[in-house]
Amino acid sequence: MIKLICFDLDGVLIEAKKIHYEALNSALEKKFKISWEEHLAKYDGLKTNDKLNLLHKEKNLSKTEFADIWNKKQLNTIEQIKKIKKSESIFEVFNKLSSEYKIAVCSNSIKRTVLTALSKLHLIEYVDLILSNEDVNVSKPHPEIYWKAMSFFGV
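Thresholds, definitions, all that
Residues numbered from 1 in each chain as written. Predicted model: local features only at pLDDT ≥ 70, side-chain atom pairs only at ≥ 80, totals over all residues. Heavy atoms only, no water. Helix = DSSP H or I, 4+ residues; strand = E, 2+ residues; numbered from the N terminus. Contact = heavy atoms within 4.5 Å. 1 Å grid on protein atoms, 1.4 Å probe; cavity = no way out; pocket = protein on both sides within 12 Å on 5 of 7 lines; lining within 4 Å. Points joined across faces, edges and corners; volume = space filled by probe spheres on them. Nonpolar A, V, L, I, M, F, W, Y, C, P; charged D, E, K, R; others polar. Buried < 20%, exposed > 50% of the residue type's maximum accessible area, 1.4 Å probe, protein only. Pairing = 2+ DSSP bridges. Right-handed = clockwise from strand over helix to strand, strands pointing away. Axes fitted to C-alpha atoms, helices over the stretch in contact; angles between N-to-C directions.

### Brief notes about the environment of Leu 4
Here is step 1 of the chain: Mapped onto the secondary structure, Leu 4 falls in strand β1 (residues 4-7).
Here is step 2 of the chain: The residues touching Leu 4, leaving out its near neighbours within four places in the chain, are Lys 102, Ile 103, Ala 104, Ala 149, Met 150, Phe 153 and Val 155.

Rendered as structure tokens:
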């Protein structure tokens, strides 16, 4: 018997690949330009800190710039996510599912991004648990975030 449904945010509830790509490039302020192909091959789906570490390793990005770039990237991401519009079809699915199942959103994004997106989509009231990359030790594709959701609900 199904008791819990876990949704990812990026690529499921919102299409955020381009948002993360543009937000990072903007935060880098022309120190480096990551091509779309390079983003998809190396950076897509990684936490921002992991992306910065890759840039340090492969392109000599100074670690002293990490905090500033990380903050700018998150602000850029939030600004783009604020432009998201409610999806009636996703809203209807959540409305219907929430009467029968617990709903969790498990995302590799930071909590603020997840909360902003769910708010803009008008879904936050239907979600019983929100987990972000800040809630786990090992980010996806490792299953820790899903184990945590299942443990929370005892399923």
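### What to know about the layout of surface pockets
Here is step 1 of the chain: Roughly 440 Å³ of internal volume is contained in the largest pocket.
Here is step 2 of the chain: Lining the largest pocket are 24 residues, and of these Asp 10, Gly 45, Leu 46, Asn 108 and Ser 109 lie nearest its centre.
Here is step 3 of the chain: Of all the secondary-structure elements, those providing two or more residues to the lining of the largest pocket are α1 (17-28), α3 (48-59) and α4 (66-81).
Here is step 4 of the chain: Here the residues of the lining of the largest pocket sort into four nonpolar, ten polar and ten charged.

### Things to note about the pairing of strand β2 (residues 102-106)
Here is step 1 of the chain: Where burial is concerned, most of β2 is hidden: four out of the five residues are buried.
Here is step 2 of the chain: Here β1 pairs with β2 via four bridges, running parallel. In the strand pairing of β2, Cys 6 is matched with Ala 104.
Here is step 3 of the chain: In the sheet, β2 pairs with strand β3 (residues 129-131) via three bridges, with the strands oriented parallel. Bridge pairing in β3 links Ala 104 to Leu 129.
Here is step 4 of the chain: In this fold, the crossover linking β2 to β3 by way of helix α6 (residues 111-120) has right-handed handedness.

### Let's talk about the sheet that holds β3
Hydrogen bonds between backbone atoms are what pair the strands of a sheet, whose relative direction is either parallel or antiparallel.
Here is step 1 of the chain: Reading across from one edge, β1-β2-β3 is the order of the three strands in this open sheet, with parallel pairing throughout. Both edges of this open sheet fall to β1 and β3, since each of them pairs with a single strand only. With strand direction ignored, the average angle separating the axes of adjacent strands in the sheet is 20°.

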